[in-house]
Amino acid sequence: MDTLKQGKSPIYEPGLEELLIKNSSAGRLAFTTSHQQGLSQADIIIIAVGTPQSDHGQADLSYLEQAAKDLAEHIVRDCVVVVKSTVPVGTNQYVKQLLLEQLKNNVEIKMVSNPEFLRQGTAIEDTLKADRIIIGSDDESASEKIQEMYRPLNVPFLLTDVKSAEMIKYASNAFLATKISFINAIANLCEAAGADVRDVAKGMGFDKRIGAAFLNAGIGYGGSCFPKDVKALLHTSRELGVPFSLLEETIAINDHQQELLVGKALKRFSALKDKKIAMLGLSFKPETDDIREAPSVKIARSLTAAGAKVAAYDPVAACNARKVIGDVIAYVDSAVEAAKGADALFIVTEWEEFSQLELGAVLNVMNQRIIFDGRNCLDETALKACGPVEYYPVGRPEVILRDKRA
Ligand code: UDX
């Protein structure tokens, strides 16, 4: 809270601190932990609390329930309550019921479901230049008020009923996750057949009905949304008695994909005991320090369980990674440092600095010149120019250049 007031973001998100400072100093943005202070003048209240995954895959609504309780106690004027959190179909209705049951003051509350589609790392651009804004409401005046709020962004609106708005968010995330699992399954076929998944994805993406986005094969999706949202939608389908086994397969393919690099290393080395592994990347994707559901966590645990010694480098996520993975791996300050004496290099997150690495400098400090690229981010021509190397990408033929003197 104090850090936010000082214009400091608690998470790494490019451009966010500049916006915090700009809008706080212009008097457009303020922070408080007092409900009274925060709610007394509000015409629109946006609930954006987390809905993490609970034990059986369903969304944990406890933060939302608490927010509803707090609002019911402190709302003092008519207002529109917007649920931005990702919530299962029917939740807005449930929140409204909670609010109405517990309201302290005689005020009118209207509900709007307005799911959020921003991605970490590109949150500002995704917000200001969104593809669409979904406004789900059963009340025309509430819907109009939220349209008015967003109108300056000049982004297309889709007005729906509340339940459809809730479903759009899960359907979108589950579809994108399935698209990733699909291309990963194709990548595995490409590997067996000797094709190149990057060309296959490019060829598919030219078709406007398919689209080029989210066809990057690799070690699977992570993060705070796709893994939990696919599971939550699957849970909803079971609750409604409508089987959705496609989602089970999306999850299974993703789980398998996250084990892929370690499997390849096991095949290459037979055993990983005492092998030194350099790991590049810890965050679940570039431009964020978030390591929730990051493939890096699973990979680090599998490697250390197999007896390997891991040194990891990430431009911003080491601190968060240490909290989850602990000190069973070492955290170092550069790619070259991680590579020193390593028997293999694992690329786990496609940070731009990794695709621009001076590969010669990295390979020269390694004990064995072997690379497992989980994100297909190295340039093959540059790599081949560096001399002997073994390069294992995903969904593409491996490159094995032997030392001619050997
Ligand atoms: C996602 C949704 O994109 C966003 O609309 C929603 O609001 C929140 O969840 P985010 O989790 O921030 O956003 O990241 P995203 O860029 O979607 O990537 C998610 C995961 O998929 C990452 O682990 C990424 O590495 C992986 N991914 C993405 C692939 O493996 N291949 C791709 O082609 C794209």
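Please read these numbers as outputs of a predicted model, since none were measured by experiment.

Draft legend 1. Region of interest: unusual backbone geometry. The phi dihedral of Glu287 falls on the positive side, at around 65 degrees, and the residue is not glycine. In this structure, Glu287 sits in the loop between strand E6 (276-280) and helix H13 (295-305). Here the phi dihedral of Asn376 falls at roughly 50 degrees; this positive angle occurs in a residue that is not glycine. On the secondary structure map, Asn376 appears in the loop between strand E10 (370-373) and helix H18 (380-384).

Draft legend 2. A look at the sheet that holds E6. One open sheet accounts for seven strands, arranged E8-E7-E6-E9-E10-E11-E12; its pairing is mixed. In the strand order of this sheet, the two ends are held by strand E8 (330-331) and strand E12 (399-401), each with one partner. Bridging between strand E11 (residues 389-392) and E12 involves three bridges; their strand directions are antiparallel. Of the residues in E12, the one forming a bridge with Val389 is Leu401. Where H13 meets the sheet, its contacts fall on E6, strand E7 (309-313) and strand E9 (344-347), and the angle it forms with E6 comes to roughly 175 degrees.

Draft legend 3. Here's a closer look at the layout of surface pockets. Estimated volume of the second largest pocket: approximately 410 Å³. Around the second largest pocket sit 16 residues that line it, and His35, Leu39, Ile45, Ile46 and Leu71 are the ones nearest its centre. For the lining of the second largest pocket, the secondary-structure elements that each account for two or more residues are helix H3 (35-39), strand E1 (44-47) and helix H4 (62-74). Among the elements that make up the lining of the second largest pocket, the one with the highest residue count is E1 (four residues). For the lining of the second largest pocket, a count of residues per class yields ten nonpolar, five polar and one charged.

Draft legend 4. How the structure looks around the packing of helix H10 (residues 226-239) against helix H11 (residues 245-258). Where H10 contacts H11, the axes come no closer than 9 Å and their chain directions differ by 155 degrees. Our classification of the angle between H10 and H11 gives roughly antiparallel. Considering only the axes of H10 and H11, their crossing is left-handed. In this structure, H10 contributes Val230, Lys231, Leu233, Leu234 and Arg238 to the contact, and H11 contributes Leu247, Glu248 and Ile251. Classifying every residue of the contact of H10 with H11 by side-chain character gives five nonpolar, no polar and three charged.

Draft legend 5. Looking closely at the pairing of strand E5 (residues 157-160). In this sheet, E5 lies alongside strand E4 (residues 133-136) in parallel orientation, the contact comprising four bridges. By the bridge assignment for E5, Gly136 is matched with Thr160. Handedness of the crossover joining E4 and E5 through helix H7 (residues 140-150) is recorded here as right-handed.

Draft legend 6. Fine view of the pattern of salt bridges. Following the criterion strictly, the structure yields 24 salt bridges and no others. Here Arg209 makes a salt bridge to Asp207, at a shortest N to O gap of 2.8 Å. Among the ionic pairs, Arg322 bridges to Asp327, the shortest N-O distance being 2.8 Å. With a relative accessible area of 41%, Arg322 lands in the partly exposed category. Relative accessible area serves as the criterion here: at 61%, Asp327 is assigned to the exposed category. One network of salt bridges, in which partners are shared, links Asp196, Arg198, Glu380, Lys384 and Arg396.

Draft legend 7. Inspection of the side chain of Gln257 at higher detail. Of note, Gln257 is situated in helix H11. Classification of Gln257 by relative accessible area gives buried; the value is 0%. Beyond its immediate chain neighbours, meaning those up to four positions away, Gln257 contacts Asn184, Asn188, Gly218, Ile219, Gly220 and Val394.

Draft legend 8. Here's a closer look at the site of the ligand. Taken together, 19 residues form the shell around the ligand, and within it Phe117, Leu118, Gln120, Asn216 and Lys285 come nearest. Take Arg375: an N or O atom from its side chain is 3.3 Å from an oxygen atom of the ligand. Within the complex, 92% of the 660 Å² of free accessible area of the ligand lies under protein. The dominant element in the shell around the ligand, judged by the number of residues it contributes, is helix H8 (residues 162-193), at three residues.

Definitions and cut-offs
Residues numbered from 1 in each chain as written. Predicted model: local features only at pLDDT ≥ 70, side-chain atom pairs only at ≥ 80, totals over all residues. Heavy atoms only, no water. Helix = DSSP H or I, 4+ residues; strand = E, 2+ residues; numbered from the N terminus. Pairing = 2+ DSSP bridges. Contact = heavy atoms within 4.5 Å. Axes fitted to C-alpha atoms, helices over the stretch in contact; angles between N-to-C directions. 1 Å grid on protein atoms, 1.4 Å probe; cavity = no way out; pocket = protein on both sides within 12 Å on 5 of 7 lines; lining within 4 Å. Points joined across faces, edges and corners; volume = space filled by probe spheres on them. Nonpolar A, V, L, I, M, F, W, Y, C, P; charged D, E, K, R; others polar. Parallel < 35°, antiparallel > 145°, perpendicular 65-115°, else oblique. Left-handed = near helix turned anticlockwise from the far one by under 90°. Right-handed = clockwise from strand over helix to strand, strands pointing away. Salt bridge = Lys/Arg side-chain N within 4 Å of Asp/Glu carboxyl O. Buried < 20%, exposed > 50% of the residue type's maximum accessible area, 1.4 Å probe, protein only. Near = heavy atom within 4 Å. Polar contact = N/O pair within 3.5 Å; in protein donor to acceptor, adjacent residues only side chain to side chain. Areas by Shrake-Rupley, 256 points an atom, 1.4 Å probe, with all protein chains shown as cover.

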